[in-house]
Amino acid sequence: MLAQLQRLITLSLVAAAIGWLLWFRGDSPVLAVTGFLVIALGYTAFLALEFVFLHHVNKRDPAPQPTWMELLRAWVGETLTAPRVFCWRQPFRMNVVPDRLAPAAAVHGRRGVVFVHGFFCNRGLWTPWLRRVQAGGRAFVAVNLEPLFGSIDDYAPQIDDAVRQVTEATGLPPLLVCHSMGGLAVRAWLKRMRAEARVFHVVTIGTPHRGTWLARFGHGHNGRQMRLLSDWQAQLDHEMPVGRHALFTCWYSNCDNIVFPTSTATLPGADNRLVRGAAHVQMAFLPHVMDDTLAMLEREPP
């Protein structure tokens, strides 16, 4: 469903931009080019507005404040990253790297990975990660969380099935790698299934563990759950084991244009790792974030 929607949006924008250019190029080349750029690059204005909100809201947050140069670098980074994810990988290349659970002799005894995407995304987000894990000969499953605007609690069966498949293939609890809302979905699954013993470690990248200011504009069920300090989030740790957050590594950025204030992407007791000057989607593809996360596959359990 999401891939179809994003294909429609992408093709409509391309058609509108090219149509405008062809329609006006004879009478007014300047108008033709200007309109083309506005249609093709209009999303950058929305990104810029998010960074303005981020700068204003973050002023009272205890996390390190971003410099204007960091904000500019993050805006440029997200401008370049977002089209590759939302206009190419997710709508057109979602299944270019299929899940790998076989051959059994190759993957057994080697820790695998479960990838959990965030809001308005699908497994295509993870394509660069999937290629790396595939090249390493490990088992992996990348889930597609559905329904798109449903409750985060309802994603638990999909995550549970993915964890079961990778565990059966490898004989080992998997590493879970989550972006944005995906980290909340995993926490909801951990609570519902009492599943701490079934995972090796959980890595979250830009996850709104305590909500995000921007979610006030979301009216879907999962959007409301991600509002700042929502009742739903408060229940995630209720009756959970002491020291539960030691299972987590949380990557977060002082220039995250979706999850802010900055400190809301951290968990007390977790290994919280600050990335300066990186935007929300961009952060998931930074080389050191990918390298350090996948290096955990070689680590022995505590």
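Before any of the text, the structure's been laid out above.
Description of the structure in this document. Per chain, the residues get numbers from 1 upward, laid out in the order the sequence is written. The predicted nature of this model means local features are confined to residues of pLDDT at least 70 and side-chain atom pairs, given and counted, to a pLDDT of 80 or more, with totals for whole chains, interfaces and linings taken over all residues. Note that the side-chain values use all heavy atoms of the structure and ignore hydrogens as well as water.

1. Brief notes about the overall build of the protein chain
Where helices and strands are cited, they refer to DSSP runs of H or I of at least four residues and of E of at least two residues respectively, numbered from the N terminus. Along the protein chain, the regular secondary structure elements total 11 helices and six strands. Each radius of gyration reported is based on C-alpha atoms, and the globular scaling rule is 2.2 Å times the count of residues to the power 0.38. The C-alpha radius of gyration of the protein chain comes to 20 Å, within 12% of the 19 Å expected for a compact globule of 302 residues. Viewed in the frame of its principal axes, the protein chain has a C-alpha envelope of about 70 × 50 × 35 Å. Within the protein chain, counting contacts between residues at least 6 apart in sequence, those at least 24 apart form 73% of the total. Per-residue and other accessible areas were derived by the Shrake-Rupley procedure at a 1.4 Å probe size, with only the shown protein chains allowed to occlude residues. For the protein chain, the exposed area adds up to about 13,900 Å²; of that, 64% sits on carbon and sulfur atoms. Charge assignment: positive for Lys and Arg, negative for Asp and Glu; neither His nor the chain ends contribute. By convention, charge coordinates are those of NZ in Lys, CZ in Arg, CG in Asp, or CD in Glu. Of the side chains in the protein chain, 29 bear a positive and 22 a negative charge, and the two mean positions are spaced by 3 Å. Contacts are assigned to residue pairs with any non-hydrogen atoms lying within 4.5 Å of each other.

2. Concerning helix H8 (residues 181–193)
Counted at 1.5 Å a residue, the expected span for H8 with its 13 residues is 18 Å, and the 18 Å between its end C-alpha atoms agrees. Taking burial as the measure, the 13 residues of H8 include 10 buried ones, the bulk of the element. Three exposure classes are used, based on accessible area relative to the maximum for each residue type with a 1.4 Å probe and protein chains only: buried under 20%, partly exposed in between, and exposed over 50%. Among the residues of H8, those classed as buried are Met 181, Gly 182, Gly 183, Leu 184, Ala 185, Val 186, Arg 187, Ala 188, Trp 189 and Leu 190. Immediately beyond the C-terminal end of H8, within one or two residues, lies Arg 194, with a positive phi of roughly 50°. Given the number of residues in a helix, its expected span is that number minus one, multiplied by 1.5 Å.

3. Quick word on the environment of Glu 168
Its location among the elements puts Glu 168 in helix H7 (residues 156–170). Residue Glu 168 is classed as exposed on the basis of its relative accessible area of 55%. Residues Glu 168 and His 221, 53 residues apart in the sequence, show an inter-C-alpha distance of 33 Å.

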